[in-house]
Amino acid sequence: MQLPQHILVIRFSAMGDVAMTVPVIKKILEQNPQLMVTMVSNAFFQPLFQGIERCYFYPAYLKKQHKGPAGIFRLYKELKSATTFTAIADLHSVLRSSLLKIFFCLDGFTTATIEKGRKEKNALTRKENKIFKPLTTTHERYAQVFRQLGLFAEIKNQLPVFAAQTIPLSAVKFFEMGKKIIGIAPFAQYTEKMYPIEKMKAVVQQLTYGNNVVLLFGGGENESAILQQWEDDMTGVNNMAGKFSFAEELAIISNLTVMVSMDSANMHLAALFGTPVVSIWGATHPYAGFTAWAQLPQNIVQATLYCRPCSVFGNKPCYRGDHACMNMITQQIIVEKIANS
């Protein structure tokens, strides 16, 4: 097999899953010096790939000109005319990525697609006869796609992907000398993955009593409004939501002492820079393979409960009705993990 020289990598969403491609792509490029990669993804995610040598980014506008089958065909035509690829790596395996891949297949391109492990994930999350064991990580599943194309892909040496970036001038005031700068990202796409919001506010309140500065991260109007109220209610607490560009937020995250996150995107963003992450898990479980790059096991906060995990993505309502997986986690445990990180 002739080794590919330029791979088109497809992964459209979600932010955390796209962030998980970053360390793998960087490793692949380091280990295969003949290779170039073009990443096609949601345009918003472009800052994640800046600074990776021989990695180029092509923005997809899936709600505008690249929407629907006709839009995906338009994206295919644009990509084909932009440069010459020798192979296609589908790291998403959804309708849109499959359609884009098919267009390239019809032109005779070599392709490889992620194996998501749906059967074993179903066995891990089902109510009865649960098979509770660690599954292949998502990082490893991504690496397997590149191996299908004949490339060397070793990802065990999990060093930070990027060095800390320059703090934006408007955020420098938050980084007080001698203080622990703690990021708190209390939200997730699904409620079942969130530590109860009032309990998390109480955690933040406890942190204000120490030598800490707390920076709050979130997105959207509702989340921003909640975080702004926290800033208004507590000294030493600062709302970052909606006040910085995505690239600026990444720079801020890269300089944190520690990031506290649910099983959500901010966990993965912090990990890219080697920022220690305290992650809180409820309905989902690290065994499903979505832990952050180089996540330390001792910084994972979770309750031991027979029903966990009840879903891979946290998108199913708690069948017990009490959200015990999160409610069993005490505020003090989280505070202690932060203190020791």
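Just above, that's the structure.
Cut-offs applied
Here the residue index of a chain counts from 1 through its sequence in written order. Two thresholds apply to this predicted model, a pLDDT of at least 70 for residue-level local features and 80 or more for giving and counting side-chain atom pairs, whereas whole-chain, interface and lining totals are computed over all residues. Excluding hydrogens and water, the side-chain values take into account all heavy atoms of the structure. Every helix listed is a DSSP run of H or I at least four residues long, and every strand listed is a run of E at least two residues long, numbered separately from the N terminus. Our radius of gyration looks at C-alpha atoms and nothing else; its globule reference is 2.2 Å times the residue count to the power 0.38. Summary of the burial criterion: residues with accessible area below 20% of their type's maximum are buried, those above 50% are exposed, and those between are partly exposed, where the area comes from a 1.4 Å probe applied to protein chains only. Any two residues having at least one pair of non-hydrogen atoms within 4.5 Å are treated as being in contact. Using a 1.4 Å probe, accessible areas were evaluated by the Shrake-Rupley method; residue-level cover was limited to the displayed protein chains. Basic side-chain nitrogens of Lys or Arg form a salt bridge, by our definition, when they fall within 4 Å of a carboxyl oxygen of Asp or Glu. A strand pair is defined by DSSP finding two or more bridges across the two strands. Here, axes are lines fitted to C-alpha atoms. For helices the fit covers the stretch in contact, and angles between N-to-C directions go from 0 to 180 degrees. Assignment of crossover handedness uses the view with strands pointing away from the viewer, where a clockwise path from the first strand over the helix to the second indicates a right-handed crossover. Contacts described as polar in this section are N or O atom pairs within 3.5 Å, which, within protein, must combine one atom able to donate a hydrogen with one able to accept it, while residues neighboring in sequence count only if both atoms come from side chains.

This part is about the overall build of the protein. A tally of helices and strands in the protein yields eleven helices and eleven strands. Here the protein has a C-alpha radius of gyration of 21 Å; the compact-globule value for 341 residues is 20 Å, and the two agree. Its C-alpha atoms give the protein principal-axis dimensions of roughly 60 × 55 × 40 Å. Of all 341 residues assigned to the protein, the portion counted as buried reaches 52%. Taking the intrachain contacts of the protein between residues at least 6 apart in sequence as the baseline, contacts between residues at least 24 apart amount to 67%. Of the roughly 15400 Å² that the protein leaves accessible, carbon and sulfur atoms contribute 53%.

The next thing to look at is the pattern of salt bridges. Within this structure, the stated rule accounts for eleven salt bridges. Note that Glu120 is salt-bridged to Arg141, the shortest N-O span being 3.5 Å. Here Glu120, found in helix H4 (residues 118–125), pairs with Arg141, found in helix H5 (residues 138–148); they are 21 residues apart in sequence, far enough to count as distant. A salt bridge links Lys179 to Glu176, with the nearest nitrogen and oxygen atoms 3.6 Å apart.

Bringing the sheet that holds strand E1 (residues 6–10) into the picture now. Sheet strands associate in pairs through backbone hydrogen bonding, adopting either a parallel or an antiparallel arrangement. Taken together, the five strands give an open sheet; going across it, the order is E3-E2-E1-E4-E5, and neighbouring strands pair in parallel fashion. On the outer flanks of this sheet lie strand E3 (55–60) and strand E5 (110–113), each paired with one strand and no other. Neighbour-to-neighbour, the strand axes of the sheet open up by a mean angle of 20 degrees, direction not taken into account. Direction of pairing for strand E2 (residues 36–42) relative to E3: parallel, over a ladder of six bridges. The residue bridging Val37 from the neighbouring strand is Cys55, located in E3. Helix H1 (residues 15–31) contacts E1, E2 and E3 of the sheet and is inclined by roughly 175 degrees relative to E2.

For the rest of this paragraph, the subject is the environment of Ile338. Inspection of the secondary structure assignment puts Ile338 in helix H11 (residues 331–340). Residues Ile338 and Leu269 lie 69 residues apart in sequence; the distance between their C-alpha atoms is 18 Å.

One ladder, built from four bridges, connects strand E4 (residues 87–90) with E5; its direction is parallel. Within the sheet, the bridge partner assigned to Ala87 lies in E5 and is Thr110. This β-α-β element, E4 to helix H3 (residues 95–106) to E5, shows right-handed connectivity.

Here the focus is the side chain of Ser224. With respect to the helices and strands, the residue Ser224 is situated in helix H7 (residues 220–233). By relative accessible area, Ser224 is classed as buried at 18%. A polar contact of 2.8 Å, which involves the side chain of Ser224, links it to the backbone oxygen of Gly220.

If you trace the six strands from one edge of the open sheet to the other, you get E8-E7-E6-E9-E10-E11, paired in parallel fashion. On the outer flanks of this sheet lie strand E8 (237–239) and strand E11 (300–301), each paired with one strand and no other. Alignment of strand E10 (residues 277–280) against E11, held across two bridges, turns out to be parallel. When the sheet's bridge partners are listed, Ser279 is paired in E11 with Ile300.

Summarising the element assignment, Glu128 is placed in the loop between H4 and H5. Considering only alpha carbons, one finds Glu128 and Thr284, 156 residues apart in sequence, at a separation of 16 Å.

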